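Now for the letters of each chain:
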Amino acid sequence: MTSYNQIVTLDNSAQIHLVIKRDDLLHPHISGNKFRKLKYNLEQAKFLNHTTLLTFGGAFSNHIAAVAAAGKEFGFKTIGVIRGDELGSEIQNNPTLAFAQSRGMQFEFVSREVYRLKESSELISSLEQKWGDFYLIPEGGTNELAVRGAEEILTSDDTSYDYVCCAVGTGGTISGLIRSAFSHQKILGFPALKGDFLQAEICKFAAIGHWELIQGYDFGGYAKVTPELIEFINDFYQKNRVPLDPIYTGKMVFGVMDLISKGYFPPGSKILMVHTGGLQGIQGMNQVLKQKKLPLIITND
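Residues numbered from 1 in each chain as written. Predicted model: local features only at pLDDT ≥ 70, side-chain atom pairs only at ≥ 80, totals over all residues. Heavy atoms only, no water.

(A) A look at the overall build of the protein chain. A tally of regular secondary structure across the protein chain gives eleven helices and ten strands. Here the C-alpha atoms of the protein chain give a radius of gyration of 19 Å, agreeing with the 19 Å that 2.2 N^0.38 yields for 301 residues. Overall, the C-alpha framework of the protein chain stretches about 60 × 45 × 35 Å when taken along its three principal axes. The burial tally for the protein chain puts 55% of its 301 residues in the buried class. Put simply, 73% of the contacts in the protein chain that link residues at least 6 apart link residues at least 24 apart. Put simply, the protein chain shows about 13700 Å² of open surface, and 51% of that area lies on carbon and sulfur atoms. (Helix = DSSP H or I, 4+ residues; strand = E, 2+ residues; numbered from the N terminus. Rg over C-alpha atoms; globule rule 2.2 N^0.38 Å. Buried < 20%, exposed > 50% of the residue type's maximum accessible area, 1.4 Å probe, protein only. Contact = heavy atoms within 4.5 Å. Areas by Shrake-Rupley, 256 points an atom, 1.4 Å probe, with all protein chains shown as cover.)

(B) Up close: the environment of Met252. Note on placement: Met252 falls in helix H10 (residues 249-261). What makes Met252 buried here is its relative accessible area of 0%. Here the alpha-carbon distance between Met252 and Leu188, two residues 64 residues apart in the chain, equals 9.5 Å.

(C) Looking closely at the environment of Ser102. Here Ser102 lies in helix H3 (residues 95-102). For Ser102, a relative accessible area of 45% puts it in the partly exposed group. As for Ser102 and Leu279, which are separated by 177 residues in sequence, their C-alpha atoms are 18 Å apart. Separated by 2.5 Å, the side chain of Ser102 and the backbone oxygen of Phe99 make a polar contact. (Polar contact = N/O pair within 3.5 Å; in protein donor to acceptor, adjacent residues only side chain to side chain.)

(D) Quick peek at the nonpolar core. Counting residues in each nonpolar core, the largest one holds 37 residues, and the members touching the most others are Phe190, Val253, Val256, Phe265, Ile271 and Met273. For this core, the secondary-structure elements that each account for two or more residues are strand E2 (17-21), strand E7 (163-168), strand E8 (186-191), helix H9 (227-240), H10, strand E10 (270-274) and helix H11 (281-291). At seven residues, the largest contribution of residues to this core is made by H10. Core analysis: the second largest hydrophobic core is formed by 26 residues, Leu53, Leu87, Ala100 and Leu145 among them. (Core = buried A, V, L, I, M, F, W, Y, C linked by side-chain atoms within 4.5 Å.)

Put into structure tokens, the structure is as follows:
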């Protein structure tokens, strides 16, 4: 499968041209920014003769699912260090973890307190003692090689766009976009979680300049949703036949459409939104929504 740009249905008087880049279609299970972030990390792991990948993630992590799928496809053993030691007995009730396990991933369930130490040498050493040698991929997959992969999202076909928009989690994808953007383009990032630490994280990889983080569209924080967001995602699907995940891309698209309605973009602007995948998380979110007796996210008719 390949990525392509799709025009978005838009009712506006400012002649805004809105397009979504369907990076969610890059691969059935290693889609969107996960495909981009893992590309050069997998090459490096093979170059260094590693046979095992170890990484970190939460209960419904897109990254965990993608690493497990990549390991299965490219011949690596995979280990997922999962936040929440109570999840060890709930694997089969969790669609993300069940999928990862079906692709051969082994799990290390740790408490939230231990998980906060995921970048410490002490924890890494203890994991090496238990699991042996491994190639370490950080939570969310963001490192220099991941940013290099994200640089490839934009191509020469995208030069006509004035704005490029994406969701922001750990900052790797937007860093790649900033580094590869054409001189006339402005990159807008829509954080999926609260906090002002992202600016510093992005600046580790990209220079200050033609980019901005747009706050106020996190809907309460990471993995938080509202009936308004779910209604928007379902309406967008009905109009455009494009499924959106509720954690990242759904919030970004909502933000872009809201800014258009408020006149943020000059008349005639050409806007490219990057679909970073994450659709595997919808099944888990729908479990939560069903428990709360809220409307479910539609992914097909």
